[in-house]
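Remarks on the overall topology
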Amino acid sequence: MTENRYQRTYPISWDQLHRDAKALSWRLLDKDFFNGIIAVTRGGLVPAAIIARELDIRLVDTVCVASYDWQDQKGEVKLLKGVNGDGEGWLIIDDLVDTGRTARLIRELLPKAHFASIYAKPAGRPLVDTYVTEVSQDTWILFPWDTESQFVQPLAGRRQG
Ligand SMILES: O=P(O)(O)OC[C@H]1O[C@H](OP(=O)(O)OP(=O)(O)O)[C@H](O)[C@@H]1O
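Only a predicted model underlies this, so the values are computations on that prediction, with no experimental measurement involved.

**Here we look at helix α1 (residues 14-31)**
Helix length check: α1 (18 residues) gives 26 Å between terminal C-alpha atoms against 26 Å at 1.5 Å per residue, within 8%. Of the residues making up α1, those classed as buried are Leu17, Asp20, Ala21, Leu24, Ser25 and Leu28. In a view along the axis of α1, the buried residues occupy a sector of 150°, so they form one face of it. Among the exposed residues of α1, those oriented more than 90 degrees off its buried face are Arg19, Trp26 and Asp30. If you follow the buried residues of α1, they end up packed against α2 (45-54), β5 (90-97) and β6 (114-120).

**Let's talk about the site of the ligand**
Every one of the 14 residues lining the ligand counts as a neighbour, but Ser67, Asp94, Asp95, Thr99 and Thr102 are closest to it. Within the backbone of Gly43, an N or O atom sits 3.0 Å from an oxygen atom of the ligand. Thr99 is positioned such that a nitrogen or oxygen atom in its side chain is 2.5 Å from an oxygen atom of the ligand. Within the complex, the protein chains bury 85% of what would otherwise be the 500 Å² of accessible surface of the ligand. Mapped by element, the contributors of at least two residues to the shell around the ligand are β5 and α3 (101-109).

**Considering the pattern of salt bridges**
Per the counting criterion, the structure on display carries 9 salt bridges. Its salt-bridge partner being Lys121, residue Asp98 comes within 3.3 Å of it at the nearest N-O pair. Taken as a pair, Asp98 in the loop between β5 and α3 and Lys121 in the loop between β6 and β7 (133-134) lie far apart in primary sequence, 23 residues in all. Just as Asp98 is buried, Lys121 falls in that class too. Salt-bridge contacts for Glu134 lead to Arg125; the nearest nitrogen and oxygen are separated by 2.7 Å. Glu134 sits in the partly exposed class, given a relative accessible area of 37%.

**Section: unusual backbone geometry**
That bond from Thr41 to Arg42 is cis: its omega, -5°, falls within 30 degrees of zero. Among the secondary structure elements, Arg42 is positioned in the loop between β2 (36-41) and α2. A positive phi angle, near 60°, is found at Asp56, a position not held by glycine. Within the secondary structure, Asp56 is located in the loop between α2 and β3 (60-70). Take Asp56: its relative accessible area is 56%, and that puts it in the exposed class.

**Re the packing of α1 against α2**
Axis separation between α1 and α2 bottoms out at 9 Å; the angle between their running directions is 50°. One finds that α1 runs oblique with respect to α2. As α1 runs across α2, the sense of the crossing is right-handed. The segment α1 lies against α2, with Trp14, Leu17, His18, Ala21, Lys22, Leu24, Ser25 and Leu28 engaging Val46, Ile50, Ile51 and Glu54. Taken together, the residues of the contact of α1 with α2 sort by class into 8 nonpolar, 2 polar and 2 charged.

Procedures and definitions
- Residues numbered from 1 in each chain as written.
- Predicted model: local features only at pLDDT ≥ 70, side-chain atom pairs only at ≥ 80, totals over all residues.
- Heavy atoms only, no water.
- Helix = DSSP H or I, 4+ residues; strand = E, 2+ residues; numbered from the N terminus.
- Expected span 1.5 Å × (residues − 1).
- Buried < 20%, exposed > 50% of the residue type's maximum accessible area, 1.4 Å probe, protein only.
- Arc of directions from axis to C-beta.
- Contact = heavy atoms within 4.5 Å.
- Near = heavy atom within 4 Å.
- Polar contact = N/O pair within 3.5 Å; in protein donor to acceptor, adjacent residues only side chain to side chain.
- Areas by Shrake-Rupley, 256 points an atom, 1.4 Å probe, with all protein chains shown as cover.
- Salt bridge = Lys/Arg side-chain N within 4 Å of Asp/Glu carboxyl O.
- Axes fitted to C-alpha atoms, helices over the stretch in contact; angles between N-to-C directions.
- Parallel < 35°, antiparallel > 145°, perpendicular 65-115°, else oblique.
- Left-handed = near helix turned anticlockwise from the far one by under 90°.
- Nonpolar A, V, L, I, M, F, W, Y, C, P; charged D, E, K, R; others polar.

The structure is reproduced here in structure tokens:
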């Protein structure tokens, strides 16, 4: 994923991710009963594990996708593995809807499923049924599995001139 289209970053710790996934679980608990969860790889895998625990769901499947960037824009989303059926009774979990391309593909595949993500950007928000936190389109969310702690200069040392 390229970072040029992003003006700011939003780092998320494991602790915050856990809290946000539990917040999504609370919202889903109030909405419906689900027979099982479909995690969207790869970003949906960790949230799906947390939500499966909170909703007491043991039936978990995956829709496997890979998206390719082209000229600094998110491009084609390729389906590597789907699931049978129209999605009725299933809860789809992803970490984020950004442009909405992934969600659009999966909604076509599973039109009757409930689509939930923890974070949503404005372009993708209309495609999700339930989410927790909206972030601006130009924010790059730094997920804990994509990052590690490292030294940074003190603020005073970063001043120009
Ligand atoms: O709304 P979109 O623009 O389609 O973006 C959302 C998708 O992007 C992220 O996956 P990513 O492409 O980073 O792949 P990964 O989860 O396998 O790392 C995220 O997990 C969503 O599935």
